[in-house]
Amino acid sequence: MSFTDMAHNQPPDGSNAGGRNGARERPPEWADGLKQLYDSVVEEALPDSFKDLLDQLDAIPPARGQGGSRTSADGPDTSQ
Amino acid sequence: MSDGGRPDTPRTASEKSDFKRDLTQVVPHLRAFARGLCGRPDVADDLVQETLLKAWAAQDRFEPGTSMRAWTFVILRNAYLTDMRRNRFRGEYDEGVAERILTAPAGQEGPIHLSDLHRALLTLPAERREALLLVGAGGFSYEEAAQICGCAVGTIKSRVGRARAALTEMLASGNIPRRSTEDEVAHRAILEELDMVAAGNGVSTQG
């Protein structure tokens, strides 16, 4: 899926949510910028804090890995 | 996105190793998604670390062979919404995050500043912002984004369409708040929507 694809998709509710005149015929000019923002973070070197955390995970048993008081309150929070 | 596809059965050492490998590989994507959602890099990284711990704790519920990225995005999204309800995030924007300037495509009138785009993005209601990030930046299909957000495909399409229209309008008019934290209207709208969610009305009913 890309903004090129999105630009040709009619909003399902039949509204003019897709934009003003001509907006559906081409990707918005900022579409590449949005992807660029995302990709720039993906390409960043991973901070040491993440490496440290990942290294420590093996010592944390599953279902007990959340730590703190939020563990029991929130659960894994993978539900909708 | 269901996380209940597999009973809570203990994993073998090999499965645990595979899980950790896959989890490690999605960290950059989690950081990018979180950065888009909440703006500030440090707060976003805290959210990702919280997500990693939750994912690790729930690893027995992950079904091998399915998308780790989609599964962890659900966890991150839920953690974000929970923290939003606690007013931890204010859609803050880091001025240093995007100093670069995009070169406008041929035929366009002027360059778009990434910083403007990011600020504009942060003024969108949370559910539209996440829909746009998932589809427009993360490369998820509408169907996958709908599963992650727990709503209908048509709802995601509507949200993306409305987000696109709003961003296009803001960027074309130059009517972008200097800092999103000063846009009390936008934040009030977000918090009101979250109150609706908390009241059980469900964010998925919002187009």
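Criteria and thresholds
- Residues numbered from 1 in each chain as written.
- Chains lettered and ligands numbered in written order.
- Predicted model: local features only at pLDDT ≥ 70, side-chain atom pairs only at ≥ 80, totals over all residues.
- Helix = DSSP H or I, 4+ residues; strand = E, 2+ residues; numbered from the N terminus.
- Buried ≥ 20, exposed ≤ 12 C-beta atoms within 10 Å, placed from the backbone.
- Contact = placed C-beta atoms within 7 Å.
- Axes fitted to C-alpha atoms, helices over the stretch in contact; angles between N-to-C directions.
- Parallel < 35°, antiparallel > 145°, perpendicular 65-115°, else oblique.
- Nonpolar A, V, L, I, M, F, W, Y, C, P; charged D, E, K, R; others polar.
- pLDDT = per-residue confidence, 0-100.
- Left-handed = near helix turned anticlockwise from the far one by under 90°.
- Core = buried A, V, L, I, M, F, W, Y, C linked by C-beta atoms within 7 Å.
- Domains from an automatic or database assignment.

**Overview of the overall build of chain A**
Along its length, chain A carries four helices and zero strands. Listing the helices and strands of chain A from first to last along the sequence gives α-α-α-α. Within chain A, buried positions represent 26% of all 80 residues.

**Things to note about the overall build of chain B**
Helix and strand counts for chain B come out as eight helices and two strands. Counted from the first residue to the last, chain B has its helices and strands arranged as α-α-α-β-β-α-α-α-α-α. Here chain B, with 207 residues, has 49% of them falling under the buried criterion. When contacts within chain B are restricted to residue pairs at least 6 apart in sequence, those whose partners lie at least 24 apart make up 70%.

**What to know about the packing of helix 6 (residues 142–149) of chain B against helix 7 (residues 153–173) of chain B**
Residue and element names in this part refer to chain B. The contact between helix 6 and helix 7 brings their axes to 8 Å, and the two run at 100°. With respect to helix 7, the element helix 6 is oriented roughly perpendicular. Counted together, Tyr-142, Glu-143, Ala-145, Ala-146 and Cys-149 of helix 6 and Val-153, Thr-155, Ile-156 and Lys-157 of helix 7 form the full contact between these two elements. By residue class, the composition of the contact of helix 6 with helix 7 is six nonpolar, one polar and two charged.

**Some points on the confidence of the model for chain B**
Residues and elements named next belong to chain B. Per-chain confidence: chain B averages 78 in pLDDT, with 68% of residues scoring 70 or above. For chain B, the element scoring lowest by mean pLDDT is strand 1 (residues 101–102), at 40; helix 6 scores highest, at 96. Here residues 93–109 is a poorly scored stretch, pLDDT under 50, and it has 30 contacts once near neighbours within four places are set aside; other chains count. Reported confidence for the predicted complex is 0.72 by ipTM and 0.70 by pTM.

**What about the confidence of the model for chain A?**
All names here are of chain A. Per-residue pLDDT for chain A has a mean of 63; in total, 44% of the residues score no lower than 70. Per-element confidence in chain A is highest for helix 3 (residues 48–57), whose mean pLDDT is 94, and lowest for helix 4 (residues 70–74), whose mean pLDDT is 35. Predicted confidence is poor over residues 1–25, with pLDDT under 50, and the contacts of this stretch with residues over four places away or in other chains come to 46 contacts. Across residues 64–76, where pLDDT falls below 50, the model places 15 contacts with residues more than four positions away in sequence or in other chains.

**With respect to the environment of Ala-163 of chain B**
Residue and element names in this part refer to chain B. With respect to the helices and strands, the residue Ala-163 is situated in helix 7. Since 25 C-beta atoms lie within 10 Å of it, Ala-163 is described here as buried. Non-local contacts of Ala-163, meaning those with residues more than four positions away in its chain, are made with Leu-124, Arg-128, Arg-129, Ala-131 and Leu-132.

**Considerations on the packing of helix 1 (residues 13–38) of chain B against helix 2 (residues 41–57) of chain B**
Residues and elements named next belong to chain B. Orientation of helix 1 relative to helix 2, taken along the N-to-C sense of each, is 135°, at an axis distance of 8 Å. In terms of their interaxial angle, helix 1 and helix 2 are classed as oblique. The hand of the helix 1/helix 2 crossing is right-handed. Taken together, the residues of helix 2 that come into contact with helix 1 (itself represented by Leu-23, Val-27, Leu-30, Arg-31, Ala-34, Arg-35 and Cys-38) are Pro-41, Val-43, Ala-44, Asp-45, Leu-47, Val-48, Thr-51, Leu-52 and Ala-55. For the contact of helix 1 with helix 2, the per-class residue count stands at twelve nonpolar, one polar and three charged.

**What to know about the environment of Arg-128 of chain B**
Residue and element names in this part refer to chain B. Counting through the fold element by element, Arg-128 comes out in helix 5 (residues 126–137). The class of Arg-128 is buried, set by 23 C-beta atoms lying within 10 Å. Taking C-alpha positions, Arg-128 is 8.1 Å from Ile-156, a pair spaced 28 residues apart along the chain.

**Quick notes on the nonpolar core**
Ala-34, Leu-76, Ala-131 and Ala-145 of chain B are the most contacted members of the largest nonpolar core, which has 65 residues in total. Where this core is concerned, the elements lending two or more residues are helix 2 (31–42) of chain A together with helix 1, helix 2, helix 3 (68–85), helix 4 (114–123), helix 5, helix 6 and helix 7 of chain B. Taken domain by domain, the makeup of this core includes at least three residues from each of domain 1 (13–85) and domain 2 (101–205) of chain B. Beyond its immediate chain neighbours, meaning those up to four positions away, Ala-131 of chain B contacts Ala-145, Cys-149, Ile-156, Arg-159, Val-160 and Ala-163 of chain B.

**As for the environment of Glu-169 of chain B**
Mapping Glu-169 of chain B onto the fold places it in helix 7. In this structure Glu-169 of chain B comes out as partly exposed when scored by C-beta crowding, with 14 C-beta atoms within 10 Å.

**Points about helix 4 of chain B**
A large share of helix 4 of chain B lies buried, amounting to nine of its ten residues. Where helix 4 of chain B is concerned, the buried positions are Leu-114, Asp-116, Leu-117, His-118, Arg-119, Ala-120, Leu-121, Leu-122 and Thr-123 of chain B.

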